[in-house]
Amino acid sequence: MLARAGLAVVVREGAEEPGGGVRSGELTLPGFVHDVCSAIHPLVAASPFFRSVPLAEHGLELVEPPAPLAHPLDDGSAVVLERSPAATAAGLGEDEPAYERLLGALVRDWEAVEEAALAPLVRVPRHPVALGRFGLSALRTADGLARSAFEGERARALLAGCAAHSMLPLERRPSAAFGLVLLALGHRVGWPFPRGGAGEIARALVAELGRLGGVVETGAPVASLAELGSPRLILCDVGPPALARLAGERLPERYARRLERYRYGPGAFKVDYALDGPIPWTAPECARAGTVHLGGTLAEIAASERAPWRGEHAERPFVLLAQHTLFDPARAPEGKHTAWAYCHVPRGSPVDMAEPIEAQIERFAPGFRERVLARHVMGPAKLEAENPNLVGGDLNGGAADLRGLLARPVARPVPYRTPVRGLYLCSAATPPGGGVHGMCGYLAARAALNDAS
Ligand SMILES: Cc1cc2nc3c(=O)[nH]c(=O)nc-3n(C[C@H](O)[C@H](O)[C@H](O)COP(=O)(O)OP(=O)(O)OC[C@H]3O[C@@H](n4cnc5c(N)ncnc54)[C@H](O)[C@@H]3O)c2cc1C
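Residues numbered from 1 in each chain as written. Predicted model: local features only at pLDDT ≥ 70, side-chain atom pairs only at ≥ 80, totals over all residues. Heavy atoms only, no water.

**Some thoughts on the overall build of the protein**
1) Next: Of regular secondary structure, the protein possesses 17 helices and 15 strands.
2) Next: Rg of the C-alpha trace for the protein: 21 Å, near the compact-globule value of 22 Å for 453 residues, within the 12% margin.
3) Next: Across its three principal directions, the C-alpha atoms of the protein cover 65 × 50 × 45 Å.
4) Next: A total of 453 residues make up the protein; the buried ones form 56% of that total.
5) Next: Considering only contacts in the protein between residues 6 or more positions apart, those separated by 24 or more positions represent 74%.
6) Next: Taken as a whole, the protein presents about 18,200 Å² of accessible surface, with 53% of it coming from carbon and sulfur.
7) Next: Side-chain charges in the protein split into 47 positive and 50 negative, and the spacing between the mean points of these groups amounts to 8 Å. (Helix = DSSP H or I, 4+ residues; strand = E, 2+ residues; numbered from the N terminus. Rg over C-alpha atoms; globule rule 2.2 N^0.38 Å. Buried < 20%, exposed > 50% of the residue type's maximum accessible area, 1.4 Å probe, protein only. Contact = heavy atoms within 4.5 Å. Areas by Shrake-Rupley, 256 points an atom, 1.4 Å probe, with all protein chains shown as cover. Lys, Arg positive; Asp, Glu negative; His and termini not counted. Charge placed at Lys NZ, Arg CZ, Asp CG, Glu CD.)

**Details of helix 14 (residues 354-364)**
1) Next: Summarising burial for helix 14: nine of the 11 residues are buried, a large majority.
2) Next: Of the positions making up helix 14, those classed as buried are Ala354, Pro356, Ile357, Glu358, Gln360, Ile361, Glu362, Arg363 and Phe364.

**Here's the deal with the nonpolar core**
1) Next: One finds Tyr99, Leu103, Phe134, Leu170, Leu180, Leu183 and Trp191 to be the most contacted residues of the largest nonpolar core, which totals 58 residues.
2) Next: The leading source of residues in this core is helix 9 (residues 175-188), at eight residues.
3) Next: With residues up to four places along the chain from it excluded, the contact list for tyrosine 99 reads Leu81, Pro85, Thr88, Ala89, Leu92, Gly104, Phe150, Leu158, Leu183 and His187. (Core = buried A, V, L, I, M, F, W, Y, C linked by side-chain atoms within 4.5 Å.)

**Observations concerning the packing of aromatic side chains**
1) Next: Using the criterion set out here, one finds six aromatic pairs in the structure.
2) Next: Ring geometry for phenylalanine 49 against tyrosine 442: centres 5.9 Å apart, planes inclined by 50 degrees, an arrangement best described as tilted. Taken as a pair, phenylalanine 49 in helix 2 (residues 48-51) and tyrosine 442 in helix 17 (residues 439-452) lie far apart in primary sequence, 393 residues in all.
3) Next: Judged by its relative accessible area of 15%, tyrosine 442 falls in the buried class. (Phe/Tyr/Trp six-rings, centres within 6.5 Å; stacked < 30°, edge-to-face > 60°.)

**Observations regarding the site of the ligand**
1) Next: The full set close to the ligand counts 26 residues, and Glu13, Asp237, Asn387, Ala428 and Gly435 are the nearest of them.
2) Next: A distance of 3.3 Å is found between an oxygen atom of the ligand and a backbone nitrogen or oxygen belonging to glycine 20.
3) Next: Protein chains bury 86% of the 1,000 Å² of accessible surface belonging to the ligand in isolation.
4) Next: For the shell around the ligand, the residue count by class is 13 nonpolar, nine polar and four charged. (Near = heavy atom within 4 Å. Polar contact = N/O pair within 3.5 Å; in protein donor to acceptor, adjacent residues only side chain to side chain. Nonpolar A, V, L, I, M, F, W, Y, C, P; charged D, E, K, R; others polar.)

Treat this as a map of the structure, not an account of what it does.
Below, the structure is given as C-alpha coordinates:
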(Lines give C-alpha, C1' and ligand atoms only; values in the text may rest on other atoms or scores of the structure.)
Protein backbone atom coordinates (compact mmCIF):
# COMPACT_ATOMS: atom_id res chain seq x y z
CA MET A 1 0.00 0.00 0.00
CA LEU A 2 2.77 2.45 0.91
CA ALA A 3 4.98 1.44 -2.01
CA ARG A 4 1.99 1.64 -4.32
CA ALA A 5 1.43 5.18 -3.10
CA GLY A 6 4.98 5.99 -4.26
CA LEU A 7 6.76 5.90 -0.91
CA ALA A 8 10.24 4.36 -0.59
CA VAL A 9 9.61 1.33 1.67
CA VAL A 10 12.12 -0.65 3.72
CA VAL A 11 10.89 -3.69 5.71
CA ARG A 12 13.14 -4.59 8.64
CA GLU A 13 12.58 -8.30 9.42
CA GLY A 14 14.21 -9.75 12.52
CA ALA A 15 14.19 -13.35 11.28
CA GLU A 16 16.54 -14.76 8.66
CA GLU A 17 13.64 -15.13 6.22
CA PRO A 18 10.54 -13.05 5.63
CA GLY A 19 7.01 -14.30 6.33
CA GLY A 20 6.44 -14.37 10.11
CA GLY A 21 3.28 -16.45 10.55
CA VAL A 22 3.31 -17.38 6.84
CA ARG A 23 6.35 -19.57 6.25
CA SER A 24 7.16 -23.14 5.25
CA GLY A 25 10.17 -25.36 5.67
CA GLU A 26 11.49 -28.91 5.97
CA LEU A 27 10.74 -29.24 9.67
CA THR A 28 10.90 -33.05 9.86
CA LEU A 29 12.77 -34.86 7.09
CA PRO A 30 14.34 -33.78 3.78
CA GLY A 31 11.73 -33.41 1.04
CA PHE A 32 8.80 -32.87 3.46
CA VAL A 33 7.52 -29.27 3.29
CA HIS A 34 5.63 -28.12 6.41
CA ASP A 35 3.86 -24.87 7.18
CA VAL A 36 5.59 -23.42 10.23
CA CYS A 37 2.54 -21.43 11.39
CA SER A 38 -0.53 -20.76 9.22
CA ALA A 39 -1.66 -23.55 6.92
CA ILE A 40 -5.18 -22.90 5.64
CA HIS A 41 -6.01 -19.64 3.92
CA PRO A 42 -9.68 -18.80 3.31
CA LEU A 43 -8.85 -15.29 4.52
CA VAL A 44 -6.35 -14.83 1.69
CA ALA A 45 -9.03 -15.79 -0.80
CA ALA A 46 -11.58 -13.46 0.82
CA SER A 47 -9.44 -10.46 1.75
CA PRO A 48 -9.95 -7.13 -0.04
CA PHE A 49 -6.22 -6.49 0.43
CA PHE A 50 -5.11 -9.76 -1.17
CA ARG A 51 -7.64 -9.22 -3.97
CA SER A 52 -5.84 -5.95 -4.70
CA VAL A 53 -2.39 -7.56 -5.11
CA PRO A 54 -1.53 -9.48 -8.32
CA LEU A 55 -0.05 -12.44 -6.44
CA ALA A 56 -0.91 -14.92 -9.21
CA GLU A 57 1.49 -12.98 -11.47
CA HIS A 58 4.20 -13.87 -8.95
CA GLY A 59 3.28 -17.55 -9.17
CA LEU A 60 0.90 -17.90 -6.20
CA GLU A 61 -1.66 -20.62 -6.83
CA LEU A 62 -4.34 -21.56 -4.32
CA VAL A 63 -5.23 -25.26 -4.12
CA GLU A 64 -8.82 -26.05 -3.22
CA PRO A 65 -9.60 -29.46 -1.73
CA PRO A 66 -13.03 -30.89 -2.76
CA ALA A 67 -14.39 -30.12 0.72
CA PRO A 68 -13.08 -27.36 3.02
CA LEU A 69 -13.53 -29.29 6.28
CA ALA A 70 -14.45 -32.66 7.78
CA HIS A 71 -15.40 -33.26 11.40
CA PRO A 72 -15.36 -36.96 12.32
CA LEU A 73 -17.53 -38.34 15.13
CA ASP A 74 -17.24 -41.44 17.29
CA ASP A 75 -19.94 -43.29 15.34
CA GLY A 76 -17.49 -43.58 12.44
CA SER A 77 -19.17 -40.91 10.31
CA ALA A 78 -18.02 -37.37 9.58
CA VAL A 79 -19.85 -34.07 9.23
CA VAL A 80 -18.57 -32.38 6.08
CA LEU A 81 -18.50 -28.67 5.30
CA GLU A 82 -19.15 -28.71 1.57
CA ARG A 83 -18.85 -25.75 -0.80
CA SER A 84 -22.63 -25.32 -0.93
CA PRO A 85 -24.81 -24.70 2.12
CA ALA A 86 -27.43 -27.12 0.73
CA ALA A 87 -24.95 -30.00 0.33
CA THR A 88 -23.61 -29.33 3.84
CA ALA A 89 -27.11 -29.16 5.29
CA ALA A 90 -27.97 -32.49 3.64
CA GLY A 91 -25.49 -34.18 6.00
CA LEU A 92 -26.99 -32.66 9.14
CA GLY A 93 -30.16 -34.76 9.57
CA GLU A 94 -32.86 -32.89 11.50
CA ASP A 95 -30.92 -29.62 11.24
CA GLU A 96 -30.92 -29.53 7.44
CA PRO A 97 -33.47 -26.68 7.15
CA ALA A 98 -32.01 -24.68 10.06
CA TYR A 99 -28.47 -24.82 8.61
CA GLU A 100 -29.64 -23.87 5.14
CA ARG A 101 -31.58 -20.94 6.54
CA LEU A 102 -28.75 -19.65 8.77
CA LEU A 103 -25.81 -20.10 6.39
CA GLY A 104 -27.79 -19.40 3.23
CA ALA A 105 -28.61 -15.95 4.64
CA LEU A 106 -25.00 -15.30 5.64
CA VAL A 107 -23.68 -16.25 2.23
CA ARG A 108 -26.24 -13.93 0.62
CA ASP A 109 -25.29 -11.15 3.06
CA TRP A 110 -21.57 -11.77 2.51
CA GLU A 111 -20.64 -8.15 1.78
CA ALA A 112 -21.88 -7.13 5.22
CA VAL A 113 -20.22 -10.13 6.87
CA GLU A 114 -16.94 -9.34 5.13
CA GLU A 115 -17.15 -5.77 6.32
CA ALA A 116 -17.71 -6.90 9.90
CA ALA A 117 -15.07 -9.64 9.84
CA LEU A 118 -12.28 -7.88 7.96
CA ALA A 119 -12.39 -4.30 9.22
CA PRO A 120 -12.63 -2.48 12.55
CA LEU A 121 -15.95 -3.07 14.28
CA VAL A 122 -16.37 0.55 15.28
CA ARG A 123 -17.38 2.32 12.09
CA VAL A 124 -20.45 3.42 10.20
CA PRO A 125 -21.58 0.24 8.39
CA ARG A 126 -22.30 0.28 4.65
CA HIS A 127 -24.87 -2.52 4.91
CA PRO A 128 -26.63 -1.80 8.21
CA VAL A 129 -29.60 -4.12 7.75
CA ALA A 130 -27.61 -7.15 6.64
CA LEU A 131 -24.98 -6.36 9.29
CA GLY A 132 -27.73 -6.25 11.91
CA ARG A 133 -28.96 -9.67 10.80
CA PHE A 134 -25.43 -11.10 11.04
CA GLY A 135 -24.84 -9.38 14.39
CA LEU A 136 -27.90 -10.98 15.97
CA SER A 137 -26.30 -14.42 15.66
CA ALA A 138 -22.62 -13.45 15.57
CA LEU A 139 -22.55 -11.50 18.81
CA ARG A 140 -23.74 -14.55 20.73
CA THR A 141 -21.74 -17.30 22.33
CA ALA A 142 -21.07 -20.30 20.09
CA ASP A 143 -22.53 -22.57 22.76
CA GLY A 144 -25.74 -20.52 22.94
CA LEU A 145 -26.14 -20.29 19.17
CA ALA A 146 -25.39 -23.98 18.60
CA ARG A 147 -27.95 -25.07 21.20
CA SER A 148 -30.69 -22.70 20.07
CA ALA A 149 -30.24 -22.93 16.29
CA PHE A 150 -29.63 -26.69 16.05
CA GLU A 151 -31.10 -29.80 17.66
CA GLY A 152 -28.63 -32.47 16.62
CA GLU A 153 -25.03 -33.18 17.58
CA ARG A 154 -23.79 -33.03 13.99
CA ALA A 155 -24.61 -29.39 13.28
CA ARG A 156 -23.69 -28.35 16.83
CA ALA A 157 -20.27 -30.01 16.53
CA LEU A 158 -19.62 -28.43 13.13
CA LEU A 159 -20.30 -24.92 14.48
CA ALA A 160 -18.35 -25.58 17.69
CA GLY A 161 -15.22 -26.69 15.81
CA CYS A 162 -15.22 -23.56 13.66
CA ALA A 163 -15.94 -21.30 16.64
CA ALA A 164 -13.00 -22.83 18.52
CA HIS A 165 -10.64 -21.02 16.11
CA SER A 166 -11.43 -17.94 18.23
CA MET A 167 -9.44 -19.57 21.08
CA LEU A 168 -12.27 -18.34 23.32
CA PRO A 169 -14.35 -20.44 25.69
CA LEU A 170 -17.41 -21.30 23.61
CA GLU A 171 -19.53 -19.76 26.37
CA ARG A 172 -17.93 -16.35 25.72
CA ARG A 173 -19.04 -13.80 23.14
CA PRO A 174 -18.44 -13.39 20.22
CA SER A 175 -17.22 -16.97 19.68
CA ALA A 176 -20.27 -17.56 17.46
CA ALA A 177 -18.96 -14.94 15.02
CA PHE A 178 -15.78 -16.93 14.35
CA GLY A 179 -17.80 -20.07 13.69
CA LEU A 180 -20.25 -18.35 11.37
CA VAL A 181 -17.56 -16.48 9.43
CA LEU A 182 -15.47 -19.62 8.89
CA LEU A 183 -18.51 -21.61 7.75
CA ALA A 184 -19.58 -18.81 5.41
CA LEU A 185 -16.02 -18.55 4.05
CA GLY A 186 -16.15 -22.26 3.28
CA HIS A 187 -19.24 -21.63 1.16
CA ARG A 188 -18.01 -18.38 -0.43
CA VAL A 189 -14.37 -19.13 -1.24
CA GLY A 190 -13.55 -22.57 0.18
CA TRP A 191 -10.65 -23.14 2.58
CA PRO A 192 -7.75 -23.20 0.11
CA PHE A 193 -4.00 -23.15 0.63
CA PRO A 194 -1.01 -22.19 -1.53
CA ARG A 195 0.55 -24.82 -3.76
CA GLY A 196 4.03 -25.55 -2.44
CA GLY A 197 3.56 -24.16 1.09
CA ALA A 198 2.29 -21.13 3.02
CA GLY A 199 5.68 -19.50 2.44
CA GLU A 200 4.61 -18.98 -1.17
CA ILE A 201 2.31 -16.19 0.05
CA ALA A 202 5.23 -14.36 1.64
CA ARG A 203 7.42 -15.02 -1.40
CA ALA A 204 4.81 -13.52 -3.73
CA LEU A 205 4.26 -10.49 -1.46
CA VAL A 206 8.00 -9.82 -1.29
CA ALA A 207 8.20 -10.12 -5.09
CA GLU A 208 5.37 -7.59 -5.50
CA LEU A 209 7.00 -5.23 -3.02
CA GLY A 210 10.25 -5.55 -5.00
CA ARG A 211 8.41 -4.76 -8.23
CA LEU A 212 7.16 -1.57 -6.60
CA GLY A 213 10.68 -0.63 -5.52
CA GLY A 214 10.45 -1.72 -1.86
CA VAL A 215 13.18 -3.60 -0.03
CA VAL A 216 13.10 -6.35 2.66
CA GLU A 217 16.13 -6.56 4.96
CA THR A 218 16.20 -9.93 6.76
CA GLY A 219 18.16 -10.81 9.91
CA ALA A 220 17.60 -7.17 10.91
CA PRO A 221 15.75 -7.05 14.25
CA VAL A 222 14.80 -3.58 15.48
CA ALA A 223 15.62 -3.05 19.18
CA SER A 224 14.63 0.62 19.33
CA LEU A 225 12.88 3.01 16.98
CA ALA A 226 15.89 5.28 17.44
CA GLU A 227 17.78 2.94 15.06
CA LEU A 228 15.49 3.91 12.22
CA GLY A 229 16.42 7.59 11.96
CA SER A 230 13.52 9.85 11.05
CA PRO A 231 11.50 8.32 8.22
CA ARG A 232 8.20 9.98 7.35
CA LEU A 233 6.20 6.96 8.53
CA ILE A 234 6.95 3.96 10.74
CA LEU A 235 4.51 1.04 10.78
CA CYS A 236 5.25 -1.55 13.46
CA ASP A 237 4.16 -5.17 12.93
CA VAL A 238 4.65 -6.07 16.61
CA GLY A 239 2.58 -6.71 19.74
CA PRO A 240 1.51 -3.68 21.85
CA PRO A 241 3.96 -4.33 24.73
CA ALA A 242 6.77 -4.63 22.16
CA LEU A 243 5.74 -1.29 20.63
CA ALA A 244 5.98 0.29 24.08
CA ARG A 245 9.52 -1.10 24.44
CA LEU A 246 10.62 -0.07 20.94
CA ALA A 247 9.25 3.46 21.26
CA GLY A 248 10.43 4.04 24.85
CA GLU A 249 9.95 7.61 25.97
CA ARG A 250 8.53 8.76 22.66
CA LEU A 251 5.10 7.49 23.74
CA PRO A 252 2.99 9.36 26.31
CA GLU A 253 3.19 7.42 29.57
CA ARG A 254 -0.55 6.71 29.80
CA TYR A 255 -0.73 5.24 26.29
CA ALA A 256 2.43 3.18 26.87
CA ARG A 257 0.95 1.74 30.09
CA ARG A 258 -2.19 0.69 28.24
CA LEU A 259 -0.06 -1.04 25.58
CA GLU A 260 1.87 -2.88 28.30
CA ARG A 261 -1.38 -4.11 29.85
CA TYR A 262 -2.66 -5.52 26.53
CA ARG A 263 -4.43 -8.87 27.05
CA TYR A 264 -3.25 -12.02 25.27
CA GLY A 265 -5.24 -15.24 24.92
CA PRO A 266 -4.16 -18.89 25.26
CA GLY A 267 -1.18 -20.39 23.45
CA ALA A 268 -0.83 -23.10 20.82
CA PHE A 269 0.98 -26.42 20.88
CA LYS A 270 1.80 -27.69 17.40
CA VAL A 271 3.04 -30.98 15.94
CA ASP A 272 4.10 -31.54 12.33
CA TYR A 273 4.29 -35.08 11.00
CA ALA A 274 6.11 -36.77 8.14
CA LEU A 275 4.00 -39.81 7.23
CA ASP A 276 4.57 -43.02 5.36
CA GLY A 277 1.10 -42.84 3.80
CA PRO A 278 -2.18 -40.91 4.02
CA ILE A 279 -3.98 -40.71 7.37
CA PRO A 280 -6.15 -43.88 7.69
CA TRP A 281 -9.42 -42.14 8.61
CA THR A 282 -12.30 -44.34 9.76
CA ALA A 283 -14.71 -41.97 8.00
CA PRO A 284 -13.66 -41.97 4.34
CA GLU A 285 -15.16 -38.46 3.81
CA CYS A 286 -12.25 -37.05 5.83
CA ALA A 287 -9.96 -37.71 2.87
CA ARG A 288 -11.91 -35.16 0.77
CA ALA A 289 -11.12 -32.28 3.14
CA GLY A 290 -8.00 -30.15 3.55
CA THR A 291 -8.82 -29.47 7.21
CA VAL A 292 -10.11 -31.93 9.80
CA HIS A 293 -11.46 -30.94 13.23
CA LEU A 294 -10.84 -33.56 15.90
CA GLY A 295 -12.84 -33.10 19.06
CA GLY A 296 -16.15 -34.91 18.79
CA THR A 297 -19.22 -33.19 20.20
CA LEU A 298 -20.02 -29.60 21.14
CA ALA A 299 -19.73 -30.50 24.85
CA GLU A 300 -16.29 -32.04 24.39
CA ILE A 301 -14.96 -29.15 22.30
CA ALA A 302 -16.39 -26.63 24.77
CA ALA A 303 -14.61 -28.39 27.65
CA SER A 304 -11.35 -28.38 25.69
CA GLU A 305 -11.58 -24.65 24.93
CA ARG A 306 -12.49 -23.71 28.52
CA ALA A 307 -9.44 -25.47 29.94
CA PRO A 308 -6.64 -23.09 28.80
CA TRP A 309 -8.47 -20.08 30.28
CA ARG A 310 -8.42 -21.88 33.65
CA GLY A 311 -4.74 -22.72 33.35
CA GLU A 312 -5.62 -26.37 32.58
CA HIS A 313 -4.78 -28.78 29.77
CA ALA A 314 -7.65 -30.68 28.17
CA GLU A 315 -7.25 -34.44 28.42
CA ARG A 316 -8.87 -34.74 25.01
CA PRO A 317 -7.87 -31.46 23.34
CA PHE A 318 -9.70 -30.09 20.33
CA VAL A 319 -7.19 -30.59 17.49
CA LEU A 320 -7.09 -28.64 14.22
CA LEU A 321 -5.43 -30.75 11.53
CA ALA A 322 -4.44 -29.98 7.94
CA GLN A 323 -3.48 -32.61 5.36
CA HIS A 324 -2.03 -30.71 2.40
CA THR A 325 -0.27 -33.52 0.55
CA LEU A 326 -3.52 -35.28 -0.40
CA PHE A 327 -4.12 -32.30 -2.72
CA ASP A 328 -0.58 -30.90 -3.17
CA PRO A 329 1.57 -34.03 -3.45
CA ALA A 330 4.78 -32.16 -4.30
CA ARG A 331 5.04 -31.13 -0.62
CA ALA A 332 6.35 -34.64 0.19
CA PRO A 333 8.40 -37.37 -1.55
CA GLU A 334 6.33 -39.62 -3.80
CA GLY A 335 3.75 -41.67 -1.87
CA LYS A 336 4.58 -39.91 1.43
CA HIS A 337 2.46 -37.35 3.27
CA THR A 338 2.50 -34.61 5.89
CA ALA A 339 0.10 -33.58 8.64
CA TRP A 340 -0.06 -30.28 10.53
CA ALA A 341 -1.88 -30.27 13.86
CA TYR A 342 -2.24 -28.08 16.92
CA CYS A 343 -4.32 -27.57 20.02
CA HIS A 344 -4.82 -24.72 22.47
CA VAL A 345 -2.99 -24.62 25.81
CA PRO A 346 -2.62 -22.07 28.62
CA ARG A 347 -0.50 -19.11 27.53
CA GLY A 348 3.19 -19.94 27.91
CA SER A 349 2.48 -23.53 28.97
CA PRO A 350 5.55 -25.84 29.11
CA VAL A 351 3.42 -29.02 28.97
CA ASP A 352 4.12 -31.43 26.10
CA MET A 353 0.80 -32.07 24.33
CA ALA A 354 2.18 -34.26 21.53
CA GLU A 355 0.74 -37.43 23.05
CA PRO A 356 -2.84 -36.12 23.63
CA ILE A 357 -2.83 -34.66 20.09
CA GLU A 358 -1.75 -37.99 18.66
CA ALA A 359 -4.35 -39.86 20.71
CA GLN A 360 -7.07 -37.64 19.21
CA ILE A 361 -5.86 -38.39 15.66
CA GLU A 362 -5.63 -42.11 16.48
CA ARG A 363 -9.19 -42.01 17.87
CA PHE A 364 -10.57 -41.10 14.44
CA ALA A 365 -7.82 -42.79 12.38
CA PRO A 366 -6.65 -46.02 14.06
CA GLY A 367 -3.25 -47.02 12.74
CA PHE A 368 -2.09 -43.39 12.37
CA ARG A 369 0.87 -43.91 14.70
CA GLU A 370 2.33 -46.64 12.50
CA ARG A 371 2.47 -44.18 9.61
CA VAL A 372 4.57 -41.60 11.48
CA LEU A 373 8.11 -41.32 10.13
CA ALA A 374 9.07 -38.19 12.08
CA ARG A 375 7.56 -35.48 14.29
CA HIS A 376 8.45 -31.83 14.89
CA VAL A 377 7.03 -30.22 18.01
CA MET A 378 6.58 -26.52 18.90
CA GLY A 379 5.10 -25.34 22.19
CA PRO A 380 4.43 -21.72 23.19
CA ALA A 381 8.03 -21.00 24.21
CA LYS A 382 9.47 -22.18 20.90
CA LEU A 383 6.81 -20.34 18.90
CA GLU A 384 7.60 -17.11 20.72
CA ALA A 385 11.37 -17.63 20.50
CA GLU A 386 11.04 -17.90 16.70
CA ASN A 387 8.65 -14.98 16.39
CA PRO A 388 8.28 -12.44 19.23
CA ASN A 389 4.75 -11.57 18.01
CA LEU A 390 3.50 -14.96 19.27
CA VAL A 391 3.42 -13.84 22.90
CA GLY A 392 3.00 -16.93 25.11
CA GLY A 393 2.12 -18.85 21.92
CA ASP A 394 -1.02 -16.75 21.24
CA LEU A 395 -1.49 -17.01 17.49
CA ASN A 396 -4.39 -14.55 17.35
CA GLY A 397 -2.28 -11.56 18.42
CA GLY A 398 -4.38 -11.02 21.54
CA ALA A 399 -7.60 -12.15 23.21
CA ALA A 400 -10.47 -12.10 20.70
CA ASP A 401 -13.37 -11.55 23.10
CA LEU A 402 -15.59 -8.48 22.70
CA ARG A 403 -13.33 -6.24 24.77
CA GLY A 404 -10.28 -7.53 22.90
CA LEU A 405 -11.87 -6.82 19.53
CA LEU A 406 -13.40 -3.43 20.33
CA ALA A 407 -10.32 -2.02 22.05
CA ARG A 408 -7.54 -3.45 19.91
CA PRO A 409 -4.88 -2.51 21.06
CA VAL A 410 -6.66 0.26 23.02
CA ALA A 411 -9.97 2.04 22.46
CA ARG A 412 -9.27 4.78 19.91
CA PRO A 413 -11.21 6.00 16.86
CA VAL A 414 -8.29 5.03 14.56
CA PRO A 415 -6.71 2.12 16.42
CA TYR A 416 -3.66 1.95 14.12
CA ARG A 417 -2.58 5.53 14.92
CA THR A 418 -0.44 6.13 18.02
CA PRO A 419 -0.21 9.49 19.78
CA VAL A 420 3.18 9.99 18.07
CA ARG A 421 3.00 11.62 14.65
CA GLY A 422 3.99 9.20 11.86
CA LEU A 423 4.04 6.10 14.13
CA TYR A 424 1.49 3.31 13.55
CA LEU A 425 0.80 -0.22 14.76
CA CYS A 426 -0.18 -2.71 12.04
CA SER A 427 0.01 -6.22 13.57
CA ALA A 428 -2.73 -8.71 14.44
CA ALA A 429 -3.07 -6.73 17.69
CA THR A 430 -5.09 -4.23 15.63
CA PRO A 431 -8.46 -4.81 13.90
CA PRO A 432 -9.56 -7.13 12.46
CA GLY A 433 -7.16 -9.33 14.51
CA GLY A 434 -5.42 -12.66 13.85
CA GLY A 435 -5.35 -14.55 10.58
CA VAL A 436 -3.62 -14.19 7.23
CA HIS A 437 -5.72 -11.50 5.56
CA GLY A 438 -3.30 -8.58 5.41
CA MET A 439 -6.10 -6.26 6.52
CA CYS A 440 -4.34 -4.93 9.65
CA GLY A 441 -1.46 -3.66 7.53
CA TYR A 442 -3.75 -2.51 4.74
CA LEU A 443 -5.95 -0.44 7.06
CA ALA A 444 -2.94 0.88 9.00
CA ALA A 445 -1.30 1.96 5.75
CA ARG A 446 -4.52 3.65 4.63
CA ALA A 447 -4.69 5.54 7.93
CA ALA A 448 -1.03 6.55 7.64
CA LEU A 449 -1.40 7.73 4.04
CA ASN A 450 -4.51 9.63 4.96
CA ASP A 451 -2.76 11.39 7.83
CA ALA A 452 0.29 12.17 5.67
CA SER A 453 -1.67 13.67 2.78
C1 LIG B 1 0.73 -22.32 14.72
C2 LIG B 1 -0.06 -21.26 14.00
C3 LIG B 1 -1.07 -21.62 13.12
C4 LIG B 1 -1.80 -20.66 12.44
N5 LIG B 1 -2.73 -21.05 11.50
C6 LIG B 1 -3.35 -20.13 10.73
C7 LIG B 1 -4.12 -20.52 9.61
O8 LIG B 1 -4.22 -21.71 9.28
N9 LIG B 1 -4.74 -19.54 8.87
C10 LIG B 1 -4.61 -18.21 9.17
O11 LIG B 1 -5.18 -17.36 8.46
N12 LIG B 1 -3.84 -17.81 10.23
C13 LIG B 1 -3.20 -18.73 10.99
N14 LIG B 1 -2.35 -18.33 12.00
C15 LIG B 1 -2.34 -16.91 12.40
C16 LIG B 1 -1.47 -16.03 11.52
O17 LIG B 1 -0.24 -16.66 11.22
C18 LIG B 1 -1.22 -14.72 12.24
O19 LIG B 1 -2.44 -14.18 12.73
C20 LIG B 1 -0.59 -13.67 11.33
O21 LIG B 1 0.59 -14.17 10.77
C22 LIG B 1 -0.33 -12.40 12.11
O23 LIG B 1 0.29 -11.48 11.27
P24 LIG B 1 1.22 -10.31 11.86
O25 LIG B 1 1.67 -9.52 10.70
O26 LIG B 1 0.52 -9.65 12.98
O27 LIG B 1 2.45 -11.03 12.54
P28 LIG B 1 3.49 -12.10 12.01
O29 LIG B 1 2.99 -12.84 10.83
O30 LIG B 1 3.86 -12.86 13.21
O31 LIG B 1 4.71 -11.22 11.50
C32 LIG B 1 5.46 -10.41 12.36
C33 LIG B 1 6.86 -10.31 11.82
O34 LIG B 1 7.55 -9.28 12.50
C35 LIG B 1 8.84 -9.75 12.83
N36 LIG B 1 9.27 -8.98 14.01
C37 LIG B 1 8.70 -8.95 15.24
N38 LIG B 1 9.36 -8.10 16.05
C39 LIG B 1 10.36 -7.58 15.32
C40 LIG B 1 11.41 -6.61 15.58
N41 LIG B 1 11.52 -6.02 16.77
N42 LIG B 1 12.27 -6.31 14.58
C43 LIG B 1 12.16 -6.88 13.34
N44 LIG B 1 11.21 -7.80 13.04
C45 LIG B 1 10.32 -8.12 14.02
C46 LIG B 1 8.67 -11.22 13.10
O47 LIG B 1 9.89 -11.92 12.95
C48 LIG B 1 7.65 -11.59 12.03
O49 LIG B 1 8.26 -11.95 10.81
C50 LIG B 1 -1.56 -19.28 12.67
C51 LIG B 1 -0.53 -18.90 13.54
C52 LIG B 1 0.23 -19.88 14.19
C53 LIG B 1 1.36 -19.45 15.08
